[in-house]
Amino acid sequence: GRMRELAVVGKKRTDTLRHGRRAKAEMRSAFRSVLAVVEHSQVTPTKIKLQHGDTLVVDTLRGNVSLSAFRKMLAGGFQVHLQHNPLLHEVFDFKPSQSRPERMSAQEKRYYRSPNSAAAKSRTADRKGGRQAKASSVML
């Protein structure tokens with residue numbers, strides 16, 4: 001009924017609403033997502049990246065409502081609480097990893113990522129060979 005009309009607002013030339021094209025597109029998109037939630041219980045999944053490579057995926061209506069409420073209450077401390085607060089772990093059924101991934105030492109970074117590393121030299125040689133092969137095939 002009315003939700004479907006609102007989901008297509010701005011498509012007709014006779015619309016009485018005076019909004020710009022982008023505003024109308026944003027309104028249609030918002031109403032389409034609300035309509036999808038109401039009609040099909042379809043929620044777009046929300047992904048939140050945390051430290052140590054953890055990702056929280058919320059894909060239920062209940063989870064989205066809880067997520068927005070906690071985000072509003074905790075504001076800037078939300079990610080820290082999500083990492084360490086057992087209540088939030090229980091609410092979102094989430095277990096964050098407590099260990100940090102191993103980091104490379106400065107010497108290891110220099111060895112593996114430097115333009116002077118064996119891998120970089122090999123890549124440069126391969127590219128040079130590819131360019132030469134391409135140039136010789138074009139010349140023929």
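Residues numbered from 1 in each chain as written. Predicted model: local features only at pLDDT ≥ 70, side-chain atom pairs only at ≥ 80, totals over all residues. Heavy atoms only, no water.

Asks: Where do I start with the pairing of strand 1 (residues 46-49) in this structure?
Replies: Strand residues, when the strand is regular, have side chains that alternate between the two faces of the sheet. Pairing between strand 1 and strand 2 (residues 55-58): four bridges, direction antiparallel. Paired with Thr 46 across the bridge in strand 2 is Val 58. Where strand 1 folds back onto strand 2 in an antiparallel hairpin, the turn is made up of five residues, including His 52, whose phi is positive at roughly 65 degrees. (Pairing = 2+ DSSP bridges. Helix = DSSP H or I, 4+ residues; strand = E, 2+ residues; numbered from the N terminus.)

Asks: Which parts of the structure should I look at to understand the side chain of Asn 64?
Replies: Along the chain, the position of Asn 64 falls in helix 3 (residues 61-74). With relative accessibility at 19%, the residue Asn 64 sits in the buried group. Once residues lying within four places of it in the same chain are set aside, the contact partners of Asn 64 are Val 43, Thr 44, Thr 46 and Val 58. (Buried < 20%, exposed > 50% of the residue type's maximum accessible area, 1.4 Å probe, protein only. Contact = heavy atoms within 4.5 Å.)

Asks: In this structure, what is going on with the confidence of the model for the protein chain? I would like to understand it.
Replies: Should the pLDDT be low somewhere, the predicted coordinates at that spot are not to be read in detail. Here the protein chain averages 81 in pLDDT, while 86% of its residues score no lower than 70. Put simply, helix 1 (residues 2-7) is where the protein chain has its lowest mean pLDDT, 65, and helix 7 (residues 118-139) is where it has its highest, 90. (pLDDT = per-residue confidence, 0-100.)

Asks: What am I meant to see in unusual backbone geometry here?
Replies: Backbone geometry follows two general trends: most residues other than glycine have a negative phi, and most peptide bonds adopt the trans configuration. Of note, the phi angle at Ala 75 is positive, near 50 degrees, even though the residue is not glycine. Note that Ala 75 resides in the loop between helix 3 and helix 4 (78-84). The backbone phi angle of Asp 93 is positive, close to 50 degrees, even though this residue is not glycine. Positionally, Asp 93 belongs in the loop between helix 5 (86-92) and helix 6 (106-113).

Asks: Can you help me understand a positive patch on the surface in this one?
Replies: Judged by side-chain charge, Arg 100, Arg 103, Lys 109 and Arg 113 come together as a positively charged surface patch. As for its placement among the helices and strands, Arg 100 is situated in the loop between helix 5 and helix 6. (Patch = residues over 30% accessible without salt bridge, like charges linked within 9 Å, V, L, I, M, F, W, Y side chains within 5 Å. Areas by Shrake-Rupley, 256 points an atom, 1.4 Å probe, with all protein chains shown as cover. Salt bridge = Lys/Arg side-chain N within 4 Å of Asp/Glu carboxyl O. Lys, Arg positive; Asp, Glu negative; His and termini not counted. Charge placed at Lys NZ, Arg CZ, Asp CG, Glu CD.)

Asks: Please explain the nonpolar core as it appears in this structure.
Replies: The tendency in soluble globular proteins is for nonpolar side chains to be buried side by side. In this structure, Ile 48, Leu 50, Leu 56, Val 58, Leu 67, Phe 70, Phe 78, Leu 82, Leu 88, Phe 92 and Phe 94 together form the largest nonpolar core, which totals 11 residues. Contributions of two or more residues to this core are made by strand 2, helix 3, helix 4 and helix 5. Discounting chain neighbours no more than four positions away, the residues touching Val 58 are Thr 44, Pro 45, Thr 46, Gly 63, Asn 64, Leu 67 and Phe 92. (Core = buried A, V, L, I, M, F, W, Y, C linked by side-chain atoms within 4.5 Å.)

Asks: Help me understand helix 2 (residues 21-40) in this model?
Replies: Within an α-helix, residues lying three or four positions from one another point in the same direction, as the helix has 3.6 residues per turn. Counted at 1.5 Å a residue, the expected span for helix 2 with its 20 residues is 28 Å, and the 28 Å between its end C-alpha atoms agrees. Here helix 2 has its buried residues at Lys 24, Arg 28, Leu 35 and Ala 36. Along helix 2, the residues classed as buried sweep out an arc of 110 degrees about the axis, all on the same side. Across from the buried face of helix 2, at angles greater than 90 degrees, the exposed residues are Arg 22, Glu 26 and Val 38. (Expected span 1.5 Å × (residues − 1). Arc of directions from axis to C-beta.)

Asks: Just checking my understanding: could you explain the environment of Glu 102 for this structure?
Replies: Secondary-structure assignment places Glu 102 in the loop between helix 5 and helix 6. Under the relative-accessibility criterion, Glu 102 is labelled exposed at 82%. In this structure, the C-alpha to C-alpha distance between Glu 102 and His 52, residues 50 residues apart in sequence, is 9.8 Å.

Asks: In this structure, what is going on with the packing of aromatic side chains? I would like to understand it.
Replies: Geometry of an aromatic ring pair is reported as the spacing of the ring centres plus the angle between the planes. Evaluation of the coordinates by the stated rule reveals one aromatic pair. Residues Phe 70 and Phe 92 carry aromatic rings whose centres are separated by 6.0 Å and whose planes lie at 65 degrees to one another, so their mutual orientation is edge-to-face. In this pair, Phe 70 is assigned in helix 3 and Phe 92 in helix 5, connecting sequence segments 22 residues apart. Residue Phe 70 is classed as buried on the basis of its relative accessible area, which comes to 16%. When its relative accessible area of 11% is taken as the criterion, Phe 92 is described as buried. (Phe/Tyr/Trp six-rings, centres within 6.5 Å; stacked < 30°, edge-to-face > 60°.)

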